[in-house]
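# Inside the fold
In case you want the letters, here they are:
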Amino acid sequence: MAEAQQGAQDLTEVDTMTPEDLPGSSSLTTKELQQNWRAVKQRERPVRLLFEIPSTRIVEHVLHKYVLYQVVVMRSGSFDSRRVSVERRYSDFSRFHHKLLEEFDEELEEVQLPRKMLSGNFSPESIGERRLALQDYLAKLYATRCVRHSPCFSAFFTEQEQQRAHGLLRAGQFRPAAELLQTVLDIQEKLLPWQKPTLLVPALAALAVCYRDLDEPERAFSAAQRALPPVRRYGLTHYRAPLLELLVDLGYQLGRPVAQLQDELTALRDAERGEASSHSLKEVVIQEFL
């Protein structure tokens, strides 16, 4: 309670401060004071997710056609230069909504998915109305705390791309797989304030595998290095030894200090009687999303 009161007090103080109240303000010009004041207010602005559906396209097949909606995910509260987007059909939104209802029926009483249109689906007016309605729907879902913390929420924006990326990886098409995985990672990073850090591990591990096979050891090492802390912290045991093994091998190749990583791997192997090293990171990654 005391911490909450202090936090509220801190926010109140920021809101009621003037530029002249900033530390060291007596030696600054008016222009510098205003610039510093804008910087302080920018830091205090809460970070939120914003969703925009700026465009659509119609996909036609022999027996059917459908509309794809481009969904852009952005973070507010600070300048976000990475406008990452995915494409989804109305049927994707519908499946997503039904999954959420299974878990949060009462909490979503006021959040309605736009109804499926029985006719006129492909007129510019109908598509435009549906586009704005789906954009509003995503905003309302995000405003529902239990939903934005749910794994289903992040899966809607990344699962299809992860599936495709792992299919490409298994086929040995590492460059397009890495490009898709980077999109997944960019979106997941935007979701991190509301999702566990373990969310990033599968994409980072797969990126490490792709970059290693593309003979880009620096990027492979960096991806594996980022994945290791949440793997340790949250006990993702099937990733830990393969990640350590990859980091040790790449570390020797790059001339990095790896003694501590080697000691950790040795201790892990001894503790698990060799079972820890039974699979390479590539073998672990290939099994994901089958």
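Reading the values: rules and limits
Residues numbered from 1 in each chain as written. Predicted model: local features only at pLDDT ≥ 70, side-chain atom pairs only at ≥ 80, totals over all residues. Heavy atoms only, no water. Helix = DSSP H or I, 4+ residues; strand = E, 2+ residues; numbered from the N terminus. Buried < 20%, exposed > 50% of the residue type's maximum accessible area, 1.4 Å probe, protein only. Contact = heavy atoms within 4.5 Å. Areas by Shrake-Rupley, 256 points an atom, 1.4 Å probe, with all protein chains shown as cover. Polar contact = N/O pair within 3.5 Å; in protein donor to acceptor, adjacent residues only side chain to side chain. Core = buried A, V, L, I, M, F, W, Y, C linked by side-chain atoms within 4.5 Å. Axes fitted to C-alpha atoms, helices over the stretch in contact; angles between N-to-C directions. Parallel < 35°, antiparallel > 145°, perpendicular 65-115°, else oblique. Left-handed = near helix turned anticlockwise from the far one by under 90°. Nonpolar A, V, L, I, M, F, W, Y, C, P; charged D, E, K, R; others polar. Pairing = 2+ DSSP bridges. Phe/Tyr/Trp six-rings, centres within 6.5 Å; stacked < 30°, edge-to-face > 60°. Lys NZ or Arg CZ within 6 Å of the ring centre and 35° of its normal.

## Let's talk about the overall build of the protein
Along the backbone of the protein there are twelve helices and three strands. Across the 290 residues of the protein, 40% fall into the buried class. Considering only intrachain contacts with a sequence separation of at least 6, the fraction spanning at least 24 residues in the protein is 61%. As displayed, the protein has an accessible area near 16,600 Å², and 50% of this comes from carbon and sulfur atoms.

## Regarding the side chain of Glu189
Among the structural elements, Glu189 can be located in helix H7 (residues 174–191). Polar side-chain contacts of Glu189 include one of 2.8 Å to the side chain of Arg226. Ignoring anything within four residues of it in the chain, the contact list for Glu189 reads Arg75, Arg82, Leu200 and Arg226.

## Thoughts on the nonpolar core
Taken as a class, soluble globular proteins show a tendency for nonpolar side chains to be buried jointly. Among the nonpolar cores identified, the biggest contains 42 residues, and Leu169, Tyr239, Leu243 and Leu281 are the most heavily contacted of them. Excluding residues within four positions of it along the chain, Leu281 makes contact with Ala205, Ala208, Val209, Tyr239, Pro242, Leu243 and Leu246. Counting 31 residues, the second largest nonpolar core, distinct from the first, contains Val84, Leu100, Leu108 and Leu113.

## Thoughts on the side chain of Glu216
Mapping Glu216 onto the fold places it in the loop between helix H8 (201–213) and helix H9 (217–234). Overall, the relative accessible area of 18% leaves Glu216 in the buried class. Dropping the residues within four chain positions of it, Glu216 is found in contact with Arg175 and Tyr211.

## Considerations on the packing of H7 against H8
H8 packs onto H7 with a crossing angle of 150° between their chain directions and a minimal axis gap of 9 Å. Judged by the angle between their axes, H7 and H8 are roughly antiparallel. In this structure, H7 crosses over H8, and the sense of that crossing is left-handed. Seen from H7, the contacting residues are Phe174, Ala177, Ala178, Leu181, Gln182, Val184, Leu185 and Gln188; seen from H8, they are Ala203, Leu204, Ala206, Leu207, Cys210, Tyr211 and Asp213. Residues that form the contact of H7 with H8 fall into these classes: twelve nonpolar, two polar and one charged.

## Description of the sheet that holds strand S3 (residues 84–89)
Read from one edge to the other, the open sheet built from three strands follows the order S1-S2-S3, with strand pairing classed as antiparallel. Of all the strands in the sheet, just strand S1 (49–60) and S3 have a single pairing partner and so form its edges. Direction aside, neighbouring strands of the sheet carry axes that sit 25° apart on average. Sheet contacts for helix H6 (residues 151–170): S1, strand S2 (65–75) and S3; angle to S3, the most-contacted strand, approximately 90°.

## Re unusual backbone geometry
A positive phi angle, near 60°, is found at Asp215, a position not held by glycine. Its location among the elements puts Asp215 in the loop between H8 and H9.

## Here's the deal with the packing of aromatic side chains
For any pair of aromatic rings, geometry is given as the distance between the ring centres together with the angle between the planes. Summed over the entire model, instances satisfying the criterion amount to nine aromatic pairs. Plain terms: the ring middles of Phe51 and Phe157 are 5.4 Å apart, the flat faces sit at 10° to each other, and that makes the pair stacked. Of the two residues, Phe51 sits in strand S1 while Phe157 sits in helix H6, which places them 106 residues apart along the sequence. Judged by its relative accessible area of 1%, Phe157 falls in the buried class. Feature note: the residues Phe51, Phe93, Phe96, Tyr137, Tyr142, Phe153, Phe156, Phe157 and Trp194 constitute an aromatic cluster, connected by ring pairs. In this structure, Arg89 is placed above the aromatic ring of Tyr66, and the distance from its NZ or CZ to the ring centre is 3.7 Å. The ring of Phe221 carries Arg256 above its face, with NZ or CZ at 4.8 Å from the centroid.

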